[in-house]
Amino acid sequence: MIEIEHEYKKSLKKVSFKSRLFSNMDKGVLTNADMRRPRYIALYIFLAVFMLVHIVLVLAPCIWMLLTGFKEPAEIYQTPSSFLPATFDFSKVWRIWKQMNFTKYYTNTFIMAFGAVAVDVVVCGLAGYVLSRLKPKGSNFIHGLIFCLMLLPSSMRQVPLYKMFLDFPIGHFNMLNTYFPIWLMAGATLFDIILFKTAFDNISASLVEAAKIDGASNMRVFLQIMVPLSMPVMVTASIFAFNFHFGSFFWPMLTLRDPKVSVMGLMVYNLKTSTMTMDYRILAMFFAIIPQLVIFIIFQKYIMGGLNIGGVKG
Amino acid sequence: MEKGILKNIRRTVVRDFRAWVIILPALLCIYFIVIRPQILAVVWSFFNMNGYTPTEFVGLNNYKIVLTDTAFMKTFRNTLLYVLYSIITGYLVPILVALIMNELVHFRKTTRFIVYLPTVMPAVTVSLLWYFVYYPDQSGLLNSLIVRLGGEPYMWLQDGRFTILYIVISMSWSSLGGMALYFYSALQGVSRELYEAAVIDGAGVFSRLKEVTFPYMSGMLLLFFMRHIMGVFNILEQPLQMTDGGPNNASVSLGLLSYRYAFTDGTPQYALALGVIMFVIMVAGTAVYFRLNKKVEENL
């Protein structure tokens, strides 16, 4: 027995470096067998170079943005321009934070985005629960209706929606310069209703039955069975919703006219016409990306997994 | 016996009532945010408007004015250009990237991370970042490179012939990653045995792609193709943020034209009529999609 193992290990060592390099061609069109032929190795190298170029093109603007942000205005305009800034003056970050009052922007944007995520998850989650489990008479119609409404272009609704935010049909109050328009729109995220319904459909019915027999109310079943058991979908949907709302621009531009309630998307847009020097304008842009970047790094698994969910949505 | 049935009915009614209460917030949101404005958008497009309040019924007059506006045909052509360019940079390139990602076995996670990275950025940040990349003097990334190589700074976004192309490149730079990863995760699902079987049949790499990968992906590719076109057809934010339609209206899209009617020119009735016209064009496009889809399915 030991001898066989020894033989096996010896044979492993014999395998050339080249084939070990391509030992796990497990998903693509190219197979392990192909990789023993120089033709395909050349093809592989070509593809890798293409990818490298792509990665450089993706990263170049980001790196340039970071470096330019730390340059002095004179450095930006000197010829030939230098690649690295002369000094990394991190006090600049603090200066710009104070000058632009980022405390205000972050507070406002987080209130708007977290509110929207909360409304989205609670309202759409409950709707998905009703459509998936409680199924009152007529819920099939609602389900079909939601599918049809998803096909309609949202750009058509801009004017009537704006009018509604100016003057709500019930009570005739004005919602401009509050976050209610954004939150209300978050409650009508049709895709998330369908997404949550599908997720709840996959939860075993016997669990719900058992809870019902124990006398659990609808809300209890939702909070203690549905939500915990569909956590990955919930987290993914929340992340996508947060990223969407954190950087949203169009509706905040229309509804948040007062600088006091201004949010990050508007701050970035105003940088275009700002009188600040180039380096400050570019550095300020970073503040609008940092939260998404941090979330992306922490929740990479969910976001990448979420792409599978998204792929099914059509 | 009868009492039992009554009790049953009452129980169902009570149960259904509770369910409707739980879904009520969502239904209210959907009514006020989706259904009501969608209906009003069509109804009001036949009215004259004062501010944002409809005043008198004018029939098809708004449509006539929008369609005979000299800006309409030019804007329509611009929008088609946006769609055309973005099919190449925002649809075909991601397919290529996904196929390559699927082949490469080294640094898989890092590659995936970097490819997806720009998609994390909000659209407005991407627009501004590229506004600075295209900046007309040598402080922009591209012009600093040109100057370094000894050339004269080029007015990127101010060159009306190619403004749309440059805007499309900037938006594809960001959307590409997400699109590529959708395709990539679908490609990962292609059964290994199909490839092995094709290899045994003596199929080379390209015939494997054609015989195995493409048929597996065709449904998704067509679906994303249509969704991509629909999305770009409504494009509004990127031209608004990067050029505001300029130079000389060279990059105005139908979406931006509608925005101008509604929120800068004070004539929302034209925006509504234009919205309905765009919707009709899209419905026609969707009809084509379903016919194509049927054909693809028949061929499978």
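For the structure itself, consult the block above.
Thresholds, definitions, all that
Residues numbered from 1 in each chain as written. Chains lettered and ligands numbered in written order. Predicted model: local features only at pLDDT ≥ 70, side-chain atom pairs only at ≥ 80, totals over all residues. Heavy atoms only, no water. Helix = DSSP H or I, 4+ residues; strand = E, 2+ residues; numbered from the N terminus. Rg over C-alpha atoms; globule rule 2.2 N^0.38 Å. Buried < 20%, exposed > 50% of the residue type's maximum accessible area, 1.4 Å probe, protein only. Contact = heavy atoms within 4.5 Å. Areas by Shrake-Rupley, 256 points an atom, 1.4 Å probe, with all protein chains shown as cover. Lys, Arg positive; Asp, Glu negative; His and termini not counted. Charge placed at Lys NZ, Arg CZ, Asp CG, Glu CD. 1 Å grid on protein atoms, 1.4 Å probe; cavity = no way out; pocket = protein on both sides within 12 Å on 5 of 7 lines; lining within 4 Å. Points joined across faces, edges and corners; volume = space filled by probe spheres on them. Nonpolar A, V, L, I, M, F, W, Y, C, P; charged D, E, K, R; others polar. Patch = residues over 30% accessible without salt bridge, like charges linked within 9 Å, V, L, I, M, F, W, Y side chains within 5 Å. Salt bridge = Lys/Arg side-chain N within 4 Å of Asp/Glu carboxyl O. Buried area = accessible area lost by both parts, 1.4 Å probe. Axes fitted to C-alpha atoms, helices over the stretch in contact; angles between N-to-C directions. Parallel < 35°, antiparallel > 145°, perpendicular 65-115°, else oblique. Left-handed = near helix turned anticlockwise from the far one by under 90°. Pairing = 2+ DSSP bridges.

(A) A look at the overall build of chain B. For chain B, the helix and strand inventory stands at 12 helices and 2 strands. The C-alpha radius of gyration of chain B comes to 25 Å, more than 25% above the 19 Å expected for a compact globule of 300 residues. Projected onto its principal axes, the C-alpha coordinates of chain B cover approximately 85 × 60 × 35 Å. Relative to its full complement of 300 residues, chain B shows a buried share of 51%. Counting only contacts in chain B whose residues sit at least 6 apart along the sequence, the fraction spanning at least 24 positions is 65%. As displayed, chain B has an accessible area near 14400 Å², and 66% of this comes from carbon and sulfur atoms. The distance from the centre of the 23 positive side-chain charges to the centre of the 17 negative ones in chain B is 9 Å.

(B) Highlighting the layout of surface pockets. Estimated volume of the second largest pocket: approximately 480 Å³. A:Leu57, A:Val58, B:Trp130, B:Ile169 and B:Trp173 are, among the 21 residues lining the second largest pocket, the residues nearest its centre. When contributions to the lining of the second largest pocket are tallied by element, the ones reaching two or more residues are α3 (38-70) of chain A together with α3 (70-103), α5 (123-133), α6 (141-148) and α7 (163-187) of chain B. For the lining of the second largest pocket, the element with the highest residue contribution is α3(A), accounting for 7 residues. When its residues are assigned to classes, the lining of the second largest pocket shows 18 nonpolar, 3 polar and no charged.

(C) Just a positive patch on the surface, in detail. A contiguous patch of positive charge, built from A:Lys137, A:Lys212, B:Lys3, B:Lys7, B:Arg10, B:Arg11 and B:Arg15, is present on the exposed surface. The element that contributes the greatest number of residues to the positive patch is helix α1 (residues 2-44) of chain B, accounting for 5 residues. Among the secondary structure elements, B:Arg15 is positioned in helix α1.

(D) Looking closely at the interface of chain B and chain A. The partner chain A presents 101 residues to the 98 residues of chain B that form the contact. Buried area between chain B and chain A, summed over both chains or domains, comes out near 9300 Å², and the portion from carbon and sulfur atoms is 75%. For the pair chain B and chain A, the interface holds 1 salt bridge. Where B:Arg208 meets A:Asp34, a salt bridge forms, and the shortest distance between an N and an O atom there is 2.8 Å. The element that contributes the greatest number of residues to the side of chain B that touches chain A is α1(B), accounting for 23 residues. Tallied by class, the residues present in the side of chain B that touches chain A amount to 65 nonpolar, 19 polar and 14 charged.

(E) Highlighting the side chain of A:Ser248. Residues and elements named next belong to chain A. Tracing the sequence through the fold places Ser 248 in the loop between α13 (231-246) and α14 (250-255). Overall, Ser 248 belongs to the buried group, its relative accessible area being 11%. When residues no more than four places from it in sequence are discounted, the contact partners of Ser 248 are Met 112 and Gly 265.

(F) Seen up close, the packing of helix α16 (residues 278-286) of chain A against α5(B). Where α16(A) contacts α5(B), the axes come no closer than 10 Å and their chain directions differ by 155 degrees. What the angle tells us is that α16(A) and α5(B) run roughly antiparallel. Judged by the sense of rotation from one axis to the other, the crossing of α16(A) with α5(B) is left-handed. Only B:Thr125, B:Leu128, B:Leu129, B:Tyr131 and B:Phe132 of α5(B) make contact with α16(A), whose side of the interface consists of A:Met278, A:Arg281, A:Ile282 and A:Met285.

(G) Broad picture of the pairing of strand β1 (residues 47-50) of chain B. Residue and element names in this part refer to chain B. Alignment of β1 against strand β2 (residues 53-57), held across 3 bridges, turns out to be antiparallel. By the bridge assignment, Asn 50 is partnered in β2 with Thr 53. Hairpin connection between β1 and β2: a loop of 2 residues separates the two successive antiparallel strands, and Gly 51 in this loop has a positive phi of roughly 65 degrees.

(H) Just the pattern of salt bridges, in detail. All names here are of chain B. Applying the stated criterion to the full structure yields 6 salt bridges over all chains. The salt bridge involving Arg 192 is made with Glu 196; its shortest N-O contact spans 3.7 Å. Pair noted here: Arg 192 and Glu 196 are both in helix α8 (residues 192-200), with a separation of 4 residues, about one helical turn. Since its relative accessible area comes to 37%, Glu 196 is described here as partly exposed.

(I) Just empty space enclosed by the protein, in detail. Evaluation of the coordinates by the stated rule reveals 2 cavities of 30 Å³ or more. Surrounding the largest cavity, A:Ser155, A:Met156, A:Gln158, A:Val159, B:Ser258, B:Ala262, B:Ala271, B:Leu272 and B:Gly275 form its lining. Elements with a contribution of two residues or more to the lining of the largest cavity: α8 (158-166) of chain A together with α11 (254-263) and α12 (268-299) of chain B. Counting residues per element, the lining of the largest cavity draws most heavily on α12(B), at 3 residues. The space that makes up the second largest cavity amounts to roughly 40 Å³.

(J) Fine view of a nonpolar patch on the surface. The grouping of A:Ile63, A:Phe83, A:Leu84, A:Phe88 and A:Phe90 at the surface amounts to a nonpolar patch, some 560 Å² of accessible area in total. Assignment of secondary structure puts A:Leu84 in the loop between α4 (73-77) and α5 (91-100).

Keep in mind that these numbers describe shape and distance, not what the molecule does.
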